[in-house]
Amino acid sequence: MSSLLDVMDLRTRFHTPEGTVYAVNGASFHVDEGETLAVVGESGCGKSVSMLSVLQLIAVPPGEIVGGVALYRGQDLLRKSEREMEAIRGPEIAMIFQDPMTSLNPVLTIGRQITESLRTHLGMDRKTADARALALLEMVGISDPSDRLSDYPHQFSGGMRQRVMIAMALSCNPSLLIADEPTTALDVTIQSQIVELVTRIRDQVHMAVIWITHDLGVVAGIADRVIVMYAGFIVEEAGVNDLYENPCHPYTTALLEALPRVDRRRDRRLKSIPGAPPSLLVEPHGCPFVLRCEHAIERCRTENPPLTAARQAGHNTACWVDTKTRGQR
Amino acid sequence: MTRYIIRRFLQGIPLLFIISVVLFVLMMTMGDPIATMGGRSITRQADRVRLTRQLGLDKPLYVQYIYWLVGNDWTKVDLDGDGVAETAGTRRGILRGDFGTSLVNRGEPVLQVIWERLPNTLLLMLASEVVVVLGAFLVGIYSALRQYSAWDHFITALLFIGYSMPIFFIALLSMYIFAVLFKRWGLPYLPTVGMFDPQVGKTTGQVLLHMVLPVLSMSIVSFASYSRYIRSTMLEVLGQDYIRTAKSKGLTRQDIIFVHALKNASLPIVTVVGLDLPFLLGGAVVTERIFAWPGTGRLFLDHVARGDMPVVMGILMLISVAVIIFQIITDVVYAWLDPRIRYEA
Amino acid sequence: MNSEVLRIATINADELETPPLSLGQLAWRRFRRHKLAVIGAGVLLLLFLYAFAGALFFSESYANHNDTSLRLDAPTYSHPFGTDTIGRDILARTVYGGQISLLIGLFAVLIETSCGILVGAIAGYYGGLVDNILMRITEAMLNIPEIFLLIVMAKFLSGKIPDMTIMGRTFSGSVVLIVIIIGGTSWMYLARIVRAEFLSLKENDFVLAARATGTSNLRIIFLHILPNSIAPIVVTATLGVANAILSEAYISFLGLGVQPPTATWGNMLDGANNYLDSAPWLWFFPGLLILLTVLSINFLGDGIRDALDPRSRTV
């Protein structure tokens, strides 16, 4: 069975004056057509860098993709030239980013920023492109779109800007949309609107989505499958319901337990994970979670556990210990 | 937007007044017009007194300032020393364009003296500015795109050197190489004196030829600093999120550099170009002296040396006005170019 | 196995983090990485040695000793830089000229930094009418190109300051004059920068806290806010030395600066274009020295700016 996007053993590093940053250390995941994959993890765990690497959007230097393949419809994106990637970005894979304020060019009109993709990739002329841009703005819920085409980004509110970003991303009908924390910078009510918008469009056009977030609540609302990342590694992979009901990796368990819940007693302390994530300047050895894990054994220190199948189908975890039985896996 | 323009102009007016006061005080405390006009022939006290009265120097300072500003043809002055003001004044004041008459070029109106030389300086300055801006954009963008490469380092080092050279050193060096050494080696060489060869006449070709070395000297320093500035602005812009978005849309490299990046990077350049005018004017002084270019810079030096305060004041005042107007133009152009300011709610 | 688990879980995760460095240490680290800046500092040191230690090789009277029979000699072994229009050894004159040029640069910056900080701090801290007036004056002076002011002031104040004798050496009064007028026409840039710093810093809580405990305004300005705005001041002052040296060179080149027989790199170039082709050593060596000095100061200033700038541009 071939997936739409199949990434295997992706490794990305950054060479900084302070040393080498091991940002992504052997990430493997896949997305099928029309499927929504959520990527969860705390800041600095490598979720954004993985996706940027796939699209070759990492600045080289100081970045370097040292290994791995990213097969999109069977072709390795990591081996493509810049020219070839220009044809992929937009019509095949599109990306939206976290901060709509800084992600839109302040000196170009919204209309220009939407139509330039259309004219570059689909060869439309001015009139056709403008008409299509209008339709896109309507689709994402911008009122009075004909007036708004000639407006500049600073004349929009945060939520509207994100909608514009979505319109831009969808303009060439991509098969895969990568959304890098698109709602993190927005307030909660707008957040849900954006999530609902993407869900609606995704269902309409049968588009695959990779949704990066650190918010487990959003994941529940939008994802089919989830992967959990920690310190540049993928530590767990499961269907969304399965993940919430039967988390296997200690980190996932801890994450879920750290969530404040409405149905728990309010006078209990919130459970947090002791310690801090490891420094990415140190080449990883063994399991990255070992120092904070309450199930850690000697083997965890020396050998990095690979992603292996857990009890349920489609559920993989990178751990030496079975958290339920406390025995080795 | 119009309100912004009007506001900027209104802000400039009190500034000009303050400058005029500063310059006036400077002129009064530093010049000795009697000595200048009369030279060494004024020894008799009576003559000194008469001249003092004629030039209106016996009046209190603020009155002299007012006369300088708005003239004295609306009042009477006392020319014959009997304590009674009877003759109508003849000065119209600088606000009406009367900067007085030159003490050195007897009786010639200051504005005329300056006007004869002004176009020559403007020619040099305009040419320099064009060379600087075009060159700096080319080099700055190229360096930014080739960051970390050997070329980038080399160009940066060269720019540093260019930026640190005193103008006269550049002038002398270029004169030595392109005029003296080239001549010695039998190569075609560039002229170093004046605006044209008097034997050939003031043709366009002659002027252009004579302009090469002066413009070179004047532009290298500015070119070096602009290039560095454009390079760092481009680098900063290229690191912005919206460039990443543009890349993720699969736009071509040309589009990203010349539309998305350049449009943002050029904004600060406008400001810098506008603020550079005083420096360029100063450079003109030294350059004109070395190349014997008949411009306002040399005029300034000559007349300062001979103590001709009205001409000196006139030049200083005109320069200040030019600088302020240029700044206003720069601000307005910047506000117009940046949509965030143009479309302020 | 349980004891194993417990042992491992109690390892302190903080051990893996890098220890925090003080601001000064961070700045020094960043500075060291700037090879150009370090080279600049080195060259500057050499130039200072050249000017001041070089005095050990030539006496001042030798530098001023003129022998017209030797005038305009090309560089030879006994006069490595050649001789000038009245037969003085150019090498010796660049040594003593260097002393004056460098000292003028330093002292002028001292004056302009003091003035600039004073004006900027008062304007930024007190705001309101005081700020308005001070800024109008600053702007007015900024709008008149420095070199014109220098020329006028140099011309008309010349001769007003008498020669001085310090430590057995006679300095022309024009040296002090030049220092004063360069300092007096360059303080505006720093004043604007300091004012901007004060405007933003005075809103901070630490100022509020200082006021709440009854600290006098003077102490707040100089002991609390000023130390926090040290970075741009240091950078501007460093680059200001280059500017002062250049200004002195320009004004002396035009014949209005330091008067002979006191030598400066600038006034050694006065009239040099008359001998452009016949004696290029007249202007080449002093000009080169000026270039090296300004260049190394620029490198140094650039390095300092990057080292002290909180916006880290590493990745």
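Because the structure is a prediction, the values reported are computed rather than measured.

Some points on the overall build of chain B
Scanning chain B from N- to C-terminus turns up 14 helices and two strands. A burial count over chain B gives 36% of its 345 residues as buried.

What to know about the overall build of chain A
Along the backbone of chain A there are twelve helices and 14 strands. Taking 2.2 N^0.38 as the reference for a compact globule, 329 residues should give roughly 20 Å; the C-alpha atoms of chain A span a radius of gyration of 21 Å, in line with that estimate. Projecting the C-alpha coordinates of chain A onto the three principal axes gives extents of approximately 65 × 50 × 45 Å. Long-range pairs, those at least 24 residues apart, make up 64% of the contacts in chain A between residues at least 6 apart in sequence.

As for the interface of chain B and chain C
Listed as interface residues are 36 residues of chain B and, on the opposing side, 33 residues of chain C. When residues of the side of chain B that touches chain C are traced back to their parent elements, those giving at least two are helix H1 (2-30), helix H6 (150-164), helix H7 (167-184), helix H11 (277-291), helix H12 (296-305) and helix H13 (309-337) of chain B. For the side of chain B that touches chain C, the class distribution of residues is 31 nonpolar, four polar and one charged.

Focus on the interface of chain B and chain A
Between chain B and chain A, the residue contacts involve 21 residues of the former and 26 residues of the latter. Elements that contribute at least two residues to the side of chain B that touches chain A include exactly helix H9 (241-248), helix H10 (253-275) and helix H14 (339-342) of chain B. For the side of chain B that touches chain A, the element with the highest residue contribution is H9 of chain B, accounting for seven residues. Its residues placed into classes, the side of chain B that touches chain A shows six nonpolar, seven polar and eight charged.

A word on the pairing of strand S6 (residues 93-96) of chain A
All names here are of chain A. What you see with S6 is no split at all: Ile93 and Met95 on one side and Ala94 and Ile96 on the other are buried throughout. Pairing geometry for S6 and strand S7 (residues 176-180), over four bridges, is parallel. By the bridge assignment, isoleucine 93 is partnered in S7 with leucine 176.

Considering the pairing of strand S8 (residues 208-213) of chain A
Residues and elements named next belong to chain A. Counting buried positions along S8 yields six of six residues, so the element is predominantly enclosed. The side-chain alternation of S8 yields two buried faces, one formed by Ala208, Ile210 and Ile212 and the other by Val209, Trp211 and Thr213. In terms of strand pairing, strand S3 (residues 36-40) meets S8 through five bridges, oriented parallel. For alanine 38, the partnering residue across the bridge sits in S8 and is tryptophan 211. Note that S7 and S8 share five bridges and pair parallel.

Details of the packing of helix H2 (residues 23-33) of chain C against helix H12 (residues 281-308) of chain C
Residue and element names in this part refer to chain C. Axis separation between H2 and H12 bottoms out at 8 Å; the angle between their running directions is 140°. Between H2 and H12, the angle falls in the class oblique. In this structure, H2 crosses over H12, and the sense of that crossing is right-handed. When H2 is examined against H12, the residues Ala27, Arg30 and Phe31 are found in contact with a partner set consisting of Gly303, Ile304, Asp306, Ala307 and Leu308. Looking at side-chain class alone, the contact of H2 with H12 contains five nonpolar, one polar and two charged residues.

Topic: the nonpolar core
Counting residues in each nonpolar core, the largest one holds 131 residues, and the members touching the most others are Phe168, Val312 and Leu316 of chain B together with Phe148, Leu150, Ile151 and Ile178 of chain C. Here the element with the most residues in this core is H12 of chain C; it accounts for 14 residues. For phenylalanine 148 of chain C, the residues in contact, after removing those within four places along its chain, are Gly282, Phe300, Leu316 and Ile319 of chain B. Val49, Val140, Cys300 and Cys319 of chain A belong to the second largest nonpolar core, which has 97 residues in total.

Describing the environment of isoleucine 297 of chain A
Residue and element names in this part refer to chain A. In this structure, isoleucine 297 sits in the loop between helix H11 (250-258) and helix H12 (298-302). Isoleucine 297 sits in the partly exposed class, given 18 other C-beta atoms within 10 Å. Considered as a pair, isoleucine 297 and valine 164 are 133 residues apart in the sequence and their alpha carbons are 49 Å apart.

Topic: unusual backbone geometry
Residues and elements named next belong to chain A. In this model, arginine 73 sits at a positive phi of 50°, which is unusual for a non-glycine residue. With respect to the helices, strands and loops of the structure, arginine 73 is situated in the loop between strand S4 (63-72) and strand S5 (75-76). Despite not being glycine, asparagine 173 has its phi angle at roughly 55°, a positive value. Within the secondary structure, asparagine 173 sits in the loop between helix H7 (158-170) and S7.

Describing the sheet that holds S5 of chain A
Residue and element names in this part refer to chain A. Pairing in this open sheet of four strands is antiparallel, and the strands run S2-S1-S4-S5 from one edge to the other. Strand pairing shows two members of the sheet lacking a second neighbour, strand S2 (19-31) and S5, which therefore form its edges. The sheet contact formed by strand S1 (residues 5-16) and S2 spans ten bridges and is antiparallel. Within S2, the residue paired with arginine 13 across the bridge is tyrosine 22.

Quick look at the sheet that holds S6 of chain A
Residues and elements named next belong to chain A. Across the sheet, eight strands lie side by side as S6-S7-S8-S3-S9-S10-S12-S11; this open sheet has mixed pairing. Here the strands that pair on one side only, and so sit at the sheet edges, are S6 and strand S11 (308-309). In the sheet, S3 pairs with strand S9 (residues 225-230) via four bridges, with the strands oriented parallel. Across the sheet, residue leucine 37 finds its bridge partner in S9, namely arginine 225. Packed on one face of the sheet, helix H1 (residues 47-54) meets S3, S7, S8 and S9 and runs near 145° to S8.

A word on the packing of helix H7 (residues 146-157) of chain C against helix H8 (residues 173-201) of chain C
Residue and element names in this part refer to chain C. Two numbers describe how H7 lies on H8: the axes approach to 10 Å, and their chain directions differ by 145°. In this structure, H7 crosses over H8, and the sense of that crossing is right-handed. Together, Glu146, Leu149, Leu150, Met153, Ala154 and Leu157 of H7 and Leu177, Ile181, Ile182, Thr185 and Ser186 of H8 make up the contact between the two elements. Of the residues assigned to the contact of H7 with H8, the class counts are eight nonpolar, two polar and one charged.

Scoring rules and cut-offs
Residues numbered from 1 in each chain as written. Chains lettered and ligands numbered in written order. Predicted model: local features only at pLDDT ≥ 70, side-chain atom pairs only at ≥ 80, totals over all residues. Helix = DSSP H or I, 4+ residues; strand = E, 2+ residues; numbered from the N terminus. Buried ≥ 20, exposed ≤ 12 C-beta atoms within 10 Å, placed from the backbone. Rg over C-alpha atoms; globule rule 2.2 N^0.38 Å. Contact = placed C-beta atoms within 7 Å. Nonpolar A, V, L, I, M, F, W, Y, C, P; charged D, E, K, R; others polar. Pairing = 2+ DSSP bridges. Axes fitted to C-alpha atoms, helices over the stretch in contact; angles between N-to-C directions. Parallel < 35°, antiparallel > 145°, perpendicular 65-115°, else oblique. Left-handed = near helix turned anticlockwise from the far one by under 90°. Core = buried A, V, L, I, M, F, W, Y, C linked by C-beta atoms within 7 Å.

No statement about biological role is implied by the geometric values presented.
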